[in-house]
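Summary of the model geometry
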Amino acid sequence: MEYPKSDYKEYPKTLDPDDIWGQVRRTAYGKPIPEDQILLMVAAMRSGLQLSSGDTLLDIGCGNGALSHYLFDDCAGYLGIDFSEYLVSVGQRKFHRAGFDFLFSDALSYLRGEPDPERFNKAMCFAVLSYMDDNTASEVLRTLRQRFVNVTRVFLGNLPDRDLAIHFYPSGIDYSHDVEDPASQIGRWRNPAQMEALAGAAGWRLSVSRMPDHFYQSHYRYNAVLEILG
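Small disclaimer: the values here were computed from a predicted structure and weren't measured.

1. Let's talk about the nonpolar core
Core analysis: the largest hydrophobic core is formed by 34 residues, its most contacted members being Met41, Met45, Leu67, Leu71, Met124, Phe126 and Phe155. The dominant element in this core, judged by the number of residues it contributes, is helix 2 (residues 35-49), at seven residues. Apart from residues lying up to four places away in sequence, Phe155 is in contact with Ala44, Met45, Gly48, Leu49, Ala123, Met124, Cys125, Phe126, Asn223, Ala224 and Val225.

2. Details of the sheet that holds strand 4 (residues 77-82)
Read across the sheet, seven strands follow the order 5-4-3-6-7-9-8 without closing on themselves; strand pairing throughout is mixed. The open sheet is flanked by strand 5 (100-104) and strand 8 (204-209), the only strands paired with a single partner. Adjacent strand axes in the sheet meet at a mean angle of 20° when their direction is disregarded. Packing against the sheet, helix 3 (residues 85-95) makes contact with strand 4 and strand 5, and its axis sits at approximately 165° to strand 5. The strands that helix 5 (residues 134-147) touches are strand 3 (56-60), strand 6 (122-126), strand 7 (153-160), strand 8 and strand 9 (221-228); relative to strand 8, the one it contacts most, it runs at about 120°.

3. Describing the environment of Val24
Residue placement: Val24 occurs in the loop between helix 1 (20-23) and strand 1 (27-28). Put simply, Val24 and Glu35 are eleven residues apart on the chain and 15 Å apart in space, counted from C-alpha to C-alpha.

4. Here's the deal with unusual backbone geometry
A positive phi is found at Gln50, a non-glycine position, where the angle reads about 50°. Topologically, Gln50 is positioned in the loop between helix 2 and strand 3. The backbone of Asn158 sits at a positive phi, close to 60°, despite the residue not being glycine. Locating Asn158 in the fold gives a position in strand 7.

5. Thoughts on the pairing of strand 3
Counting buried positions along strand 3 yields five of five residues, so the element is predominantly enclosed. Taking every second residue as pointing to the same face, both faces of strand 3 are buried, with Thr56, Leu58 and Ile60 on one and Leu57 and Asp59 on the other. Across five bridges, strand 3 lies against strand 4 in parallel orientation. Across the sheet, the residue bridging to Asp59 is Gly80, located in strand 4. Bridge analysis of strand 3 against strand 6 gives three bridges, and the strand direction is parallel. Bridge pairing in strand 6 places Leu57 opposite Lys122.

6. Observations concerning empty space enclosed by the protein
With the rule as written, the count across this model stands at one cavity of 30 Å³ or more. Looking at the largest cavity, its volume works out to about 30 Å³. Along the walls of the largest cavity sit Ile60, Met124, Cys125, Leu129, Val140, Leu141, Leu144, Val154 and Leu156, which together make up its complete lining. It is helix 5 that contributes the most residues to the lining of the largest cavity, three residues altogether. In terms of residue class, the lining of the largest cavity is made up of nine nonpolar, no polar and no charged.

7. Structural notes on helix 2
Its 15 residues place the ends of helix 2 21 Å apart at the C-alpha level, agreeing with the 21 Å of an ideal helix rising 1.5 Å per residue. All of the buried residues in helix 2 are Gln37, Ile38, Leu40, Met41, Val42, Ala44, Met45, Gly48 and Leu49. Positioned one or two residues after helix 2, Gln50 has a phi angle of 50°, which is positive.

8. Some points on the side chain of Asn64
Within the secondary structure, Asn64 is located in the loop between strand 3 and strand 4. With a relative accessible area of 1%, Asn64 lands in the buried category. Polar contacts involving the side chain of Asn64 include one to the main-chain amide nitrogen of Ala66, which spans 3.0 Å. Non-local contacts of Asn64, meaning those with residues more than four positions away in its chain, are made with Ile20, Gln23, Val24, Leu87, Val90, Gly91, Phe95 and Phe102.

Calculation rules
- Residues numbered from 1 in each chain as written.
- Predicted model: local features only at pLDDT ≥ 70, side-chain atom pairs only at ≥ 80, totals over all residues.
- Heavy atoms only, no water.
- Core = buried A, V, L, I, M, F, W, Y, C linked by side-chain atoms within 4.5 Å.
- Buried < 20%, exposed > 50% of the residue type's maximum accessible area, 1.4 Å probe, protein only.
- Helix = DSSP H or I, 4+ residues; strand = E, 2+ residues; numbered from the N terminus.
- Contact = heavy atoms within 4.5 Å.
- Pairing = 2+ DSSP bridges.
- Axes fitted to C-alpha atoms, helices over the stretch in contact; angles between N-to-C directions.
- 1 Å grid on protein atoms, 1.4 Å probe; cavity = no way out; pocket = protein on both sides within 12 Å on 5 of 7 lines; lining within 4 Å.
- Points joined across faces, edges and corners; volume = space filled by probe spheres on them.
- Nonpolar A, V, L, I, M, F, W, Y, C, P; charged D, E, K, R; others polar.
- Expected span 1.5 Å × (residues − 1).
- Polar contact = N/O pair within 3.5 Å; in protein donor to acceptor, adjacent residues only side chain to side chain.

By themselves, these are just geometric observations and shouldn't be taken as functional.
So this is what it looks like as structure tokens:
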């Protein structure tokens, strides 16, 4: 059966339980991307989050934790949430340790219902926001700002830039519908100005950063950091 690239519920179940990169589609031409590319993403997360040993990190859309577990030694605690029960089970099996947990939940349900949001002071959302429509993405950012009052810094990773879509799609392809569709291959493409508007309406100040030229997706993706407006 063919699964769309935006499917992170059923597709991962078709792979080897230990194929942690394939499960979250960290692949190029069907093969896991090289470790140096993974480390570039980890370096961007570290730089954006500015983690310290006392931080507790919330990871919205953690997948199986294959990427975020690189940060575990940089902070005091971690919770990853994801809407794929299977990927959460992989993360719990492979990367769980005391104070570093994975939870099955969709983003908004979790953000609205977390009983102790004050325990977190950093948050991240890597390659997930594009699979939310504007209303959902806005509500996620707004709820994070309003309920998680101690979170001062949020890293948004691997955002597809609407202005650079021409460098991703083959010449002659009409991608005008795909870039607006959260269920498309890459999800909803937003340029930095669009992201800044979403963030600002939710009470965040946004700053953009770009990956090095030798990063395999640098020609169409960017990262952003959210800080409290004030």
